[in-house]
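Listed below are the residues making up each chain.
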Amino acid sequence: MARTMQTARKSTGFRNHREYETSQESLFRIYEKDKTRSIAVNGSDDLKIQPDLVKLFFEISEVSQDVTNAIELTLQKLGAVRDKIVALGVANDCIFSDSITVNNAESMSDDEEEEEEDVNGEKSESSHEATVVCRVQLEGETAALFGKVMFAMSSLGVQCHQAPLYESTELTAHRNESRENAIRNAKEKASRMVDALNNESLQLGKPISIIDTHVNVDDDADESFVGNFFTYWSRRGTKRKRTHITQRAESKSKSSQPTLTRLDLSGEAQARMDELFVVPPIIIRSFVQVVFEIEEV
């Protein structure tokens with residue numbers, strides 16, 4: 001994914017550890033060159049930081065037998081969603097929607113290609129589903145509105161299009177901090193290993209080599225997101241079948257109002273909205289290899 005800043009996903013360009021020189025290879029190389037006794041250790045660090053930039057993706061769609069009507073209903077629903085988000089304190093210029101798609105709403109899986117017949121024995125009329133993705137960016141102070149926005153969209157029956165993106169505007173500084181922690185970890189390991197020899201004539205010396213293997217930025221948003229699976233199967237059959245049955249049972253006149261669902265959630269759920277939807281921390285994982293000289297006292 002092309003981004004203007006580093007995102008909280010597994011770092012691109014990641015290389016396997018084996019592509020780097022191993023600790024044993026480093027020791028042999030150094031000893032052959034300088035005849036220096038040394039110790040090679042791996043240092044690591046997991047730094048957790050709180051994101052100050054959250055990107056949300058909501059899917060808004062409507063179904064109608066008329067293409068134009070499907071688009072109009074979807075845009076009305078989009079307007080209602082945007083108004084709701086703005087009312088929570090999110091600036092209008094932090095809400096984006098720049099495209100709309102229309103698909104045949106009767107598309108089904110390969111084993112469901114047979115045409116359905118309505119209750120009168122007639123072939124079902126083709127319906128169209130218009131879909132737009134509304135992107136919301138919460139940055140700085142508005143990142144604290146995450147719970148309220150997610151709760152509001154849930155209460156309207158709007159689902160996520162994909163897992164949220166969690167980022168930090170200070171990610172480079174945090175990466176450097178994690179590297180420093182990894183080097184300290186390596187030094188502590190080496191010192192304890194030398195001290196464990198119980199040889200007072202030996203001590204840990206200066207570093208000879210430092211290899212920065214990689215810095216991996218990660219969160220578990222993708223692993224915990226089930227929306228894509230649900231959306232896939234609902235579109236392939238169940239959801240659309242139910243939609244057609246409802247539409248055919250009603251009159252064939254065009255609907256003038258979007259079906260914006262309003263779930264009647266309990267007062268307890270509303271009071272705990274900030275606890276129910278919580279922004280997870282970003283984890284910055286650093287790994288370094290350091291070779292220290294073993295000195296004689």
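Let me begin by describing the structure that accompanies this report. None of the values given here were measured: they were computed from a predicted structure.

The rules behind each value
- Residues numbered from 1 in each chain as written.
- Predicted model: local features only at pLDDT ≥ 70, side-chain atom pairs only at ≥ 80, totals over all residues.
- Heavy atoms only, no water.
- Helix = DSSP H or I, 4+ residues; strand = E, 2+ residues; numbered from the N terminus.
- Buried < 20%, exposed > 50% of the residue type's maximum accessible area, 1.4 Å probe, protein only.
- Contact = heavy atoms within 4.5 Å.
- Areas by Shrake-Rupley, 256 points an atom, 1.4 Å probe, with all protein chains shown as cover.
- Core = buried A, V, L, I, M, F, W, Y, C linked by side-chain atoms within 4.5 Å.
- Salt bridge = Lys/Arg side-chain N within 4 Å of Asp/Glu carboxyl O.
- Phe/Tyr/Trp six-rings, centres within 6.5 Å; stacked < 30°, edge-to-face > 60°.

### Concerning the overall build of the protein chain
Point 1. When helices and strands are counted, the protein chain shows 8 helices and 9 strands.
Point 2. Sorting the 297 residues of the protein chain into buried and exposed places 40% on the buried side.
Point 3. Sequence-distant contacts in the protein chain: of pairs separated by 6 or more residues, those separated by 24 or more amount to 89%.
Point 4. About 17,400 Å² of surface is accessible on the protein chain, with carbon and sulfur atoms providing 49% of the total.

### Looking at the nonpolar core
Point 1. Core analysis: the biggest nonpolar cluster contains 33 residues, and Leu56, Phe58, Val90, Val136, Phe146, Met153 and Ile284 have the highest contact counts within it.
Point 2. Those elements that place two or more of their residues in this core are β1 (38-49), β2 (53-64), α2 (67-87), β5 (128-139), α3 (146-155), β8 (202-218) and β9 (282-296).
Point 3. Counting residues per element, this core draws most heavily on α3, at 5 residues.
Point 4. In this structure Ile284 touches Asp45, Asp46, Leu47, Ile49, Leu171, His174, Arg175, Ser178, Val215, Asn216 and Val217, once residues within four positions along its chain are discounted.
Point 5. In terms of nonpolar packing, the next biggest core, distinct from the first, is built from 12 residues, Ile39, Ala190, Phe292 and Ile294 among them.

### Remarks on the pattern of salt bridges
Point 1. In total, this model carries 8 salt bridges according to the counting rule given.
Point 2. Ionic pairing is found between Lys77 and Glu62, a salt bridge with its closest N-O pair at 3.6 Å. With Lys77 in helix α2 and Glu62 in strand β2, the pair connects residues that are 15 residues apart, well separated along the chain. The pair formed by Lys77 and Glu62 is uniform in burial state, with each residue classed as buried.
Point 3. When the shortest N-O distance is used, the salt bridge between Arg192 and Glu188 registers 3.4 Å. In this pair, Arg192 and Glu188 are both assigned in helix α4 (residues 171-195), 4 residues apart and thus about one turn of the helix distant.
Point 4. Exposure remark for Glu188: the relative accessible area of 43% places this residue in the partly exposed category.

### Overview of the packing of aromatic side chains
Point 1. As enumerated under the stated definition, the model contains 1 aromatic pair in all.
Point 2. Taking 6.3 Å as the distance between ring centres and 65 degrees as the angle between the ring planes, the aromatic pair formed by Phe146 and Tyr166 counts as edge-to-face. Highlighted residues: Phe146 in helix α3 and Tyr166 in strand β7 (residues 165-167), separated in sequence by 20 residues. Each member of the pair Phe146 and Tyr166 is classed as buried.

All we've got here are geometric facts, nothing functional implied.
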